Structure formats: C-alpha cells, structure tokens
Amino acid sequence: MSEKKKVVLLGATGSIGSNTLEVLRELSATLELYGIAGNTRERELGAIAREFSVPRAVLADETAWSRAKKDGAFPPDTEASCGEDALIDLVTDKRADIILVASSGTSALRPTLAAIEAGKPIALANKELLVLAGKFITVAAKRKKVPLLPVDSEHNALFQCLEGRRSTEVTRLVLTASGGAFLDRPLSELDRVTPADALAHPNWSMGPKITVDSATMANKGLEMIEAHWLFSMPSDRIEVVLHRQSVIHSLVELVDGSILAQLSPPSMTFAIHHALTYPRRTPTTRPTLNFAQSHRLDLEPVPLDRFPCLRLARQALEAAGVAPAIFNTANQTAVEAFLEGRLDFLEIPRLIEKTLDRFDNFEPRGLQDVLNLEQLVRQETTERIDRKTWKKTS
Ligand code: NAD
Ligand code: MG
C-alpha cells in the first residue's frame, strides 16, 4: 500500500478546519492529519490531536499555550509547541505533503511563504493573504513550481472549469455571490443591524469575519482580487453575479461563447476534498445534488447600490500597488470593531473609503513594505474608530 498523504492544517479549530476534519474522517484511507495549528482554543486543538493521533501541534497564543501545558491539553504522543517559529518549522517539516492554510487574519503570511520556499503544495482557504501579498505569494509559487490549490469555493470552481484550458480560450471569470444576510432587507434598516443579524447567513455556516464580509459583499470584493492573482486575470474580465442558492460555485466563459460551471451542494467539504486529493478524483459518500427534487438556480445582476464594498474592492484592484492591502486591512479592522459593537454596519464601507483616500498608493518592493503598511493602516483605522473623527470630517 502506498503511503498516506500527510496534511498540515492551519486553523484546525475554525469553520474550514472542522469541514476539513469531516473530509479527513471520510478519506482516512488515503489522507493523514500530520500537523495542526490554532490560536487560542487549546482544549479543542488537544481533542483533535487525540482523535486523529496527530504527531505535531502548534498554538499561536502564548496564554493559551501556558494553559495547555498546565492542563495537559495535548496527548503525550503529540509534539506541541507555540509561536511563529514553531509554525514555520511545522509547515516546512520534511514529512508534510500538503499545507491547508485555513487560519483567519494574515498571521499565516510568513509561514505560507516559508512552506512555498520548502516546495510544499498549498491548499489555500485564506483569501486575505492573496489580497495582502498576492504578488509575492504567486511569484514565489511559480519560481518553486508549487501548486496553489484554491479552497475558497468560487476559486475552486474556477480552477476546475479552467483545467486543461489555454488562457487565450477564456474570455471571463464569473464569481457567484449569495448576497449574504441583508440582500432583501430595506436599505433604510441597515443602519440598525447588529452583529447577530449579520452573522445569520442564509446558506453557509462560516467564521464570524467572513460572514460579516458576505453581508457587506467585501467578501466578493476580496474574491475578485483573489481571482486576479490565482488566474492572472485583469479586473475587467472578472464579473460577479448574484446566485442566491449557492449551488453554482462559479462560471468560466470561453471564446466560443460556451460557459462552464461547477455545481455541488453548499458545503465547503467539496472544495476541500478536491484540493486535498488533487490531481486525483476520489469517491465521496457525502450527499450530492438530488435531482429527484426540483432545484431553482437563479442568476441575477448584483444590486450594486447595496454593496459599496464591492465597488471599493474593484477600485483597489484596478489601482493595484498596495491599494488591495489597504482595502483588506481597513476592512479587517472595521469588521472586528463592528463585531465588538464599536462600529455601525454602514460605517464599514465609509471607513474603508476614507482609508483608501488617506494613504498614497505605491508599488511594494518587498514583503516588509506590505507588512509595515498593514501595521500603519491598522493603527490609523483603529484610531479613527476610537475617536470617531472620520464621521465628523466626512
Ligand atoms: P474561523 O474564525 O472559523 O477560524 C479561524 C481559525 O484560524 C481558528 O482555528 C483559529 O484558531 C485560527 N487562527 C487564528 N489566528 C491564528 C494564528 N495566529 N495562528 C494559527 N491559527 C490561527 O474562520 P473560517 O471561517 O474557518 O475562515 C478561515 C479562512 O478561510 C479565512 O481567511 C476565510 O476568508 C477563508 N474562507 C472561509 C470559508 C468558510 O466557509 N468558513 C470559505 C472560504 C474561505
Ligand atoms: Mg468564497
């Protein structure tokens, strides 16, 4: 019997993390969970280590790490450690075959680049990394001939539809968008919506940040930028269409007028299964689309007036340079503040727009330029939120 593929999972305790564990339980004959990483939930991470007999685990948060040591959160056979260096050591481990980057935020940037340098295939769920540093990640991956396998469902769909095609055969990429929690809510009510309202997504169960991003459609904006980097497509050939059912995950139009689409039930397990087993196709027993039932598959234009974040992301993509990184960091800071009750929902796009205006655009020479800028933008937007001055100066 051939060896099992050894998977390292960053963000094991999150939403993509738990979908990945479901896939790993099903595909345990061919895939093995070799390493896991999480931020603060040491008990959950310890329970995953126990269930899957995981050889290596890393916690990012030092307080959680102290608790883990005191309480014996990890089983004795798991080599556990803490911090960024430990994470880099894990993702560059000789025995690791594929790294699934499903941690939130942008803290996985250095580890992801280190894994690429070590020649590890990357299954990428985290879109923020590509928005922040798409040039550096894609250039490094190309140089090291490392595949970047998209786990974001739209990009996984595009990847499948584009397989075997020449770029000259493709006219446009069409990303589908569910519309999030407030698609049908009267515009006049949006200034009163709460984090709990925004977290009630009609189709997908996801982590809090991306669920808010779905409600503002900043998520689809980030995904346009993600598609630009993954598939080398200019902004004017990346479109967004509203598709409430989340069954068509995206579409590709070819020069002869044919449009290809990828369909599956609205569960991230399909994209994860595809990325972890690529280039093979392996069977699943999870429920697939049932055609004994009727299905509606609506495709509608996006009501752009409802979703200023989508326009701002398009602007940032077209401006290039560090504009996408500014968009991403301003959005991230604004969403955190909204989730903590410090910022109103409608203030999220206003804060992003002000931040994009406030910072000059430039072409970053290296990763450090982007990281320095990220810190500056975060500081600036946090201060603006704290003082609420951006409201008065508008
Ligand atoms: P989540 O909030 O549910 O989980 C985040 C995970 O990241 C947790 O396990 C947390 O412990 C871990 N984490 C946070 N900071 C860390 C750090 N410094 N080091 C190591 N681990 C850390 O988030 P999610 O919804 O699973 O999303 C994760 C990523 O995947 C995001 O970038 C998101 O945009 C992307 N994504 C998610 C979905 C989805 O369906 N949830 C779909 C497409 C893309
Ligand atoms: Mg998506």
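Computed from a prediction, not measured in an experiment: that's the story for all the values here.

What counts and how
Residues numbered from 1 in each chain as written. Chains lettered and ligands numbered in written order. Predicted model: local features only at pLDDT ≥ 70, side-chain atom pairs only at ≥ 80, totals over all residues. Heavy atoms only, no water. Pairing = 2+ DSSP bridges. Helix = DSSP H or I, 4+ residues; strand = E, 2+ residues; numbered from the N terminus. Axes fitted to C-alpha atoms, helices over the stretch in contact; angles between N-to-C directions. Contact = heavy atoms within 4.5 Å. Buried < 20%, exposed > 50% of the residue type's maximum accessible area, 1.4 Å probe, protein only. Arc of directions from axis to C-beta. Polar contact = N/O pair within 3.5 Å; in protein donor to acceptor, adjacent residues only side chain to side chain. Salt bridge = Lys/Arg side-chain N within 4 Å of Asp/Glu carboxyl O. Parallel < 35°, antiparallel > 145°, perpendicular 65-115°, else oblique. Left-handed = near helix turned anticlockwise from the far one by under 90°. Nonpolar A, V, L, I, M, F, W, Y, C, P; charged D, E, K, R; others polar. Near = heavy atom within 4 Å. Areas by Shrake-Rupley, 256 points an atom, 1.4 Å probe, with all protein chains shown as cover. Domains from an automatic or database assignment. 1 Å grid on protein atoms, 1.4 Å probe; cavity = no way out; pocket = protein on both sides within 12 Å on 5 of 7 lines; lining within 4 Å. Points joined across faces, edges and corners; volume = space filled by probe spheres on them.

A short note on the sheet that holds strand β5 (residues 98–101)
Now for step 1: Across the sheet, which stays open at both edges, the 7 strands sit in the order β4-β3-β2-β1-β5-β6-β7 with parallel pairing between neighbours. Looking at which strands have only one partner, the edges of the open sheet turn out to be β4 (79–82) and β7 (148–150). The sheet shows a mean angle of 20° between the axes of neighbouring strands, taken without regard to direction.
Now for step 2: Contacts between helix α11 (residues 269–277) and the sheet are confined to β1 (5–10), β2 (31–38), β5, β6 (122–124) and β7, with β5 contributing the most and set at about 155° to the helix.

Points about helix α3 (residues 62–71)
An α-helical segment advances 3.6 residues per turn. Residues three or four places apart therefore align on the same side.
Now for step 1: Looking at α3, one finds that the buried residues are Ala-64, Trp-65 and Ala-68. Looking down the long axis of α3, one finds its buried residues gathered within 100° of arc, a one-sided arrangement. Opposite its buried face, α3 presents the exposed residues Glu-62, Thr-63, Lys-69 and Lys-70, each directed more than 90 degrees away.
Now for step 2: Here α3 starts with a cap whose side-chain oxygen sits 3.3 Å from the backbone nitrogen of Thr-63, and that cap is Asp-61.
Now for step 3: Residue Gly-72 follows α3 closely and has a positive phi angle near 60°.

Let's talk about the pattern of salt bridges
Now for step 1: Under the counting rule described, the total for this entry stands at 33 salt bridges.
Now for step 2: Between Glu-3 and Lys-6 there is a salt bridge, and its shortest N-O distance comes to 3.2 Å.
Now for step 3: Overall, Glu-3 belongs to the exposed group, its relative accessible area being 67%.
Now for step 4: Within the structure, one salt-bridge network assembled from shared partners comprises Arg-56, Glu-79, Asp-89, Asp-93 and Arg-95.

What to know about the sheet that holds strand β8 (residues 170–177)
Now for step 1: Taken in spatial order, the 4 strands of this open sheet run β9-β8-β10-β11, and their pairing is mixed. Only two strands of the sheet have a single neighbouring strand rather than two, namely β9 (238–242) and β11 (259–263). Neighbour-to-neighbour, the strand axes of the sheet open up by a mean angle of 25°, direction not taken into account.
Now for step 2: Where β8 and strand β10 (residues 248–254) come together, 5 bridges link them in antiparallel fashion.

Some points on the environment of Val-58
Now for step 1: Relative to the assigned elements, Val-58 resides in strand β3 (residues 56–59).
Now for step 2: Since its relative accessible area comes to 2%, Val-58 is described here as buried.
Now for step 3: Sequence-wise, Val-58 and Pro-349 are 291 residues apart; in three dimensions their C-alpha atoms are separated by 35 Å.
Now for step 4: Apart from residues lying up to four places away in sequence, Val-58 is in contact with Ile-36, Ala-37, Gly-38, Leu-45, Ser-81, Cys-82, Gly-83, Ala-86, Leu-87 and Leu-90.

Observations regarding the packing of helix α12 (residues 308–319) against helix α14 (residues 347–358)
Now for step 1: Two numbers describe how α12 lies on α14: the axes approach to 9 Å, and their chain directions differ by 20°. In terms of axis orientation, α12 runs roughly parallel to α14. Classified by chirality, the crossing of α14 by α12 is left-handed. On α14, the residues touching Pro-308, Cys-309, Arg-311 and Leu-312 of α12 are Pro-349, Ile-352, Glu-353 and Leu-356.
Now for step 2: Each residue belonging to the contact of α12 with α14 can be placed in one class, and the counts come to 6 nonpolar, no polar and 2 charged.

Regarding the site of ligand 1
Now for step 1: Ligand 1 sits among 23 residues. The nearest are Thr-13, Asn-39, Ser-107, Glu-128 and Gly-207.
Now for step 2: One of the backbone N or O atoms of Ser-15 is found 2.9 Å from an oxygen atom in ligand 1.
Now for step 3: At 2.7 Å, a side-chain N or O of Glu-128 approaches an oxygen atom of ligand 1.
Now for step 4: Compared with its free state, where it exposes 830 Å², ligand 1 has 89% of that area covered by protein.
Now for step 5: The set of elements that each furnish at least two residues to the shell around ligand 1 consists of α1 (15–26), α6 (127–143) and α9 (208–216).
Now for step 6: In the shell around ligand 1, the residues fall into 9 nonpolar, 11 polar and 3 charged.
Now for step 7: When we break the shell around ligand 1 down by domain, the ones giving at least three residues each are domain 1 (5–151) and domain 2 (155–266 + 297–391).

What about the layout of surface pockets?
Now for step 1: In this model, the second largest pocket occupies a volume close to 590 Å³.
Now for step 2: Every element with two or more residues in the lining of the second largest pocket is listed here: α6, β7, α7 (153–162) and α10 (218–231).
Now for step 3: When residues of the lining of the second largest pocket are assigned to their parent elements, the largest contribution, 4 residues, is made by α10.
Now for step 4: Of the residues that constitute the lining of the second largest pocket, the class distribution is 13 nonpolar, 4 polar and 4 charged.
Now for step 5: Both domains that furnish three or more residues to the lining of the second largest pocket are identified here as domain 1 (5–151) and domain 2 (155–266 + 297–391).

Just geometry here; none of it tells us what the structure is for.
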